[in-house]
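Structure at a glance
For reference, the chains in residue letters:
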Amino acid sequence: MTIIHSVDDLKSIYGDASETSILKVTSVLTVEYRQMIEASPFMALATVGPEGMDCSPRGDKGGVIRVQDEKTVLLPDWRGNNRIDSLLNIVRDPRVALMFLVPGSSITMRINGKAVISVDPELLMSFEMDGKHPRTVTVVTIDEVYFQCARAIIRSELWNPENFVDSASLPSTGSLLKSAKSDFDREAYDKALPERMAGSIW
């Protein structure tokens, strides 16, 4: 296996970045960038901490984030498994990267910036959903924002219904857990999962 070890060697293979790939990067949300991001119900949040990196899926009804202003976006943290890997990273290293998907669109939006975790009561209350509130809100200050080349979405045919995988053909959540711990009760877990999920979305 031949391994690349230097920046110069890597750049000799790829050459210079295209003009538009540099031009598209801004330090604030333009009107159009904001429109794309507010249309996204799903994003991936990447963080880094002493134990390593983490990339966590985040989704919400409507838009996954709230735009506060051209430099700031807000991400409520709804109920989950309480591992809080991303939040543990942020309180020790504020660097974050966000990648947004818009169903049906081949354009992917990205934000790189720095985050803090807020427990401001008024802010938490402002995200009320079905009478419930997030326990924290991640406040992201934008360093750079841009859109990603559409080729990955186009190549993968991500939104093509003909390529959707039948979930019944894939391992269940219980099966995945059992593969990690052989004596895990897969049947009981899978049976209880729908009701548990329905009661803990918010």
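Report follows, based on the coordinates.

**Quick word on the packing of helix α7 (residues 173–180) against helix α8 (residues 186–198)**
Packing of α7 against α8 brings their axes to within 8 Å, and their N-to-C directions diverge by 150°. Crossing geometry of α7 relative to α8 is assigned as right-handed. Note on element contacts: α8 touches α7 through Arg 186, Tyr 189, Asp 190 and Leu 193, opposite Thr 173, Gly 174, Ser 175, Leu 177 and Lys 178. Classifying every residue of the contact of α7 with α8 by side-chain character gives 3 nonpolar, 3 polar and 3 charged.

**Re the pattern of salt bridges**
Under the counting rule described, the total for this entry stands at 8 salt bridges. Across the pair Arg 83 and Asp 85 runs a salt bridge whose closest N-O atoms are separated by 2.9 Å. With relative accessibility at 54%, the residue Arg 83 sits in the exposed group. Residue Asp 85 is classed as partly exposed on the basis of its relative accessible area of 26%. Across the pair Arg 95 and Asp 93 runs a salt bridge, and its minimum N-O distance is 2.8 Å. Judged by its relative accessible area of 49%, Arg 95 falls in the partly exposed class. Residue classification places Asp 93 among the buried residues on the basis of a relative accessible area of 15%.

Rules of the game
Residues numbered from 1 in each chain as written. Predicted model: local features only at pLDDT ≥ 70, side-chain atom pairs only at ≥ 80, totals over all residues. Heavy atoms only, no water. Axes fitted to C-alpha atoms, helices over the stretch in contact; angles between N-to-C directions. Helix = DSSP H or I, 4+ residues; strand = E, 2+ residues; numbered from the N terminus. Left-handed = near helix turned anticlockwise from the far one by under 90°. Contact = heavy atoms within 4.5 Å. Nonpolar A, V, L, I, M, F, W, Y, C, P; charged D, E, K, R; others polar. Salt bridge = Lys/Arg side-chain N within 4 Å of Asp/Glu carboxyl O. Buried < 20%, exposed > 50% of the residue type's maximum accessible area, 1.4 Å probe, protein only.

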